[in-house]
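# Reading the structure
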Amino acid sequence: MTPTAPSISHKGLAEVVARMDKALKEAGRKPGDARLIAVSKTFGIDSIIPVIEAGQRIFGENRVQEAKSKFPELRERYPDIQLHIIGPLQTNKVKEAVALADAIHTVDRPKLAAELAREIQKQGRHPQLFVQVNTGAEPQKAGVLPEETDAFLESCRKEHGLNIIGLMCIPPVDEEPALHFALLEKIAKRNGLTELSMGMSGDFETAIAFGATYVRVGSAIFGHRDYPA
Ligand SMILES: *Cc1c(COP(=O)(O)O)cnc(C)c1O
């Protein structure tokens with residue numbers, strides 16, 4: 001993918017990119033070792049276009065319906081943008097998700113894995129896949145429990161033939177995120193996975209220190225969300 005020369009700058013984006021570069025450097029990692037997913041949920045096309053014009057190419061949405069209302073139109077104008085689905089995925093949305101997404105971060109149960117395998121085969125589209133791990137074992141949160149992750153990954157590969165490339169987590173709000181990032185890194189490593197989707201506006205520098213290869217940043221780029229996603 002050839003980067004398009006940014007024609008304008010975007011304050012929020014520029015600040016996040018600079019903070020990422022600094023965090024990578026401090027962690028002894030190379031620039032570009034962690035990629036930025038600009039999380040555009042709740043924001044309209046008018047807010048997203050300036051971020052694209054400033055050079056950002058990877059976007060994240062947590063709802064398939066919302067992504068569908070924005071990204072086909074954006075892609076007509078900017079064919080090289082990528083869409084990552086980062087929110088919980090219902091099986092009845094898998095067809096649309098596979099058709100739309102370049103990556104899905106939230107594979108977390110056998111029924112979803114089976115449905116994804118079916119649609120990938122049917123459509124011949126291969127979005128990158130991540131397994132979401134519920135590192136804090138929070139009952140209300142999506143994701144596989146840490147102690148069940150190895151077996152789930154095995155079944156994704158062997159039973160469903162899915163090519164999982166990494167793990168994703170959202171740490172509990174009231175806990176030290178570093179512990180969760182370290183746990184995710186450990187589980188990925190022992191399963192031979194290289195991609196780690198972790199870190200949001202409040203903790204992406206910590207995530208980079210713990211090896212994040214994708215950070216998912218919304219409000220630090222786009223500003224405060226007026227309504228919950
Ligand atoms: C909304 C969201 C983000 C971004 O959150 P910010 O705090 O606005 O950076 C990251 N990951 C997921 C899964 C989200 O739903």
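See the structure printed just above.
Because the structure is predicted, anything quoted here is derived from the model rather than measured.

Right, let's talk about the packing of aromatic side chains for a bit. In total, this model carries three aromatic pairs according to the counting rule given. Considering the side-chain rings of Phe43 and Phe222, the 5.2 Å spacing of their centres and the 20° angle between planes classify their relative orientation as stacked. You can see Phe43 sitting in the loop between strand 1 (35-39) and helix 2 (45-53) and its partner Phe222 sitting in helix 9 (residues 219-222), a full 179 residues away along the chain. Classification of Phe43 as buried rests on a relative accessible area of 12%. Looking at Phe222, the relative accessible area reads 13%, which means it is buried. Seen from their ring centres, Phe130 and Tyr214 are 5.8 Å apart, and the 85° between their planes marks the pair as edge-to-face. Of this pair, Phe130 sits in strand 5 (residues 128-132) while Tyr214 sits in strand 8 (residues 214-217); the two residues are 84 residues apart in sequence, bridging distant segments of the chain. Exposure remark for Tyr214: the relative accessible area of 3% places this residue in the buried category.

This part covers helix 5 (residues 110-123). In a regular helix each residue adds 1.5 Å, so 14 residues correspond to 20 Å; helix 5 covers 20 Å between its end C-alpha atoms and thus fits that length. Close packing links the buried residues of helix 5 with helix 4 (94-100), strand 4 (103-107), strand 5 and helix 6 (146-158). Looking one or two residues beyond helix 5, the residue adopting positive phi is Gly124, at roughly 65°.

A few words now on the side chain of Asn191. Mapped onto the elements, Asn191 comes out in the loop between helix 7 (177-190) and strand 7 (195-197). What makes Asn191 buried here is its relative accessible area of 15%. Reaching out from Asn191, the side chain makes a polar contact with the backbone oxygen of Ile187 at a distance of 2.8 Å. Those residues within four positions of Asn191 in sequence are excluded, and the remaining contacts are Asp150, Leu153 and Arg157.

Moving on, we come to the pairing of strand 3 (residues 82-85). Where strand 2 (residues 58-61) lies against strand 3, four bridges are found, and the strand directions are parallel. Along strand 3, the bridge assignment pairs Glu61 with Ile85. Once you follow strand 2 into helix 3 (residues 64-77) and on to strand 3, the crossover reads as right-handed. Sheet topology places strand 3 next to strand 4; two bridges connect them, and they run parallel.

Turning our eyes to something else, we now look at the pairing of strand 2. Both faces of the sheet carry side chains from a regular strand, because those side chains alternate between them. A two-sided burial pattern is seen for strand 2, the buried positions comprising Ile58 and Gly60 on one face and Phe59 and Glu61 on the other. Inspection of the sheet shows strand 1 paired to strand 2 by two bridges, in the parallel sense. Bridge pairing in strand 2 places Val39 opposite Gly60. Between strand 1 and its parallel partner strand 2, the chain crosses via helix 2, and the hand of that crossover is right-handed.

On to the nonpolar core, then. Core analysis: the largest hydrophobic core is formed by 63 residues, its most contacted members being Phe59, Leu116, Val131, Leu162, Leu167 and Ile221. The contacts of Val131, once residues within four sequence positions are left out, are His105, Val107, Val144, Phe152, Leu153, Ile164, Gly166, Leu167 and Met168.

Criteria and cut-off values
- Residues numbered from 1 in each chain as written.
- Predicted model: local features only at pLDDT ≥ 70, side-chain atom pairs only at ≥ 80, totals over all residues.
- Heavy atoms only, no water.
- Phe/Tyr/Trp six-rings, centres within 6.5 Å; stacked < 30°, edge-to-face > 60°.
- Helix = DSSP H or I, 4+ residues; strand = E, 2+ residues; numbered from the N terminus.
- Buried < 20%, exposed > 50% of the residue type's maximum accessible area, 1.4 Å probe, protein only.
- Expected span 1.5 Å × (residues − 1).
- Contact = heavy atoms within 4.5 Å.
- Polar contact = N/O pair within 3.5 Å; in protein donor to acceptor, adjacent residues only side chain to side chain.
- Pairing = 2+ DSSP bridges.
- Right-handed = clockwise from strand over helix to strand, strands pointing away.
- Core = buried A, V, L, I, M, F, W, Y, C linked by side-chain atoms within 4.5 Å.

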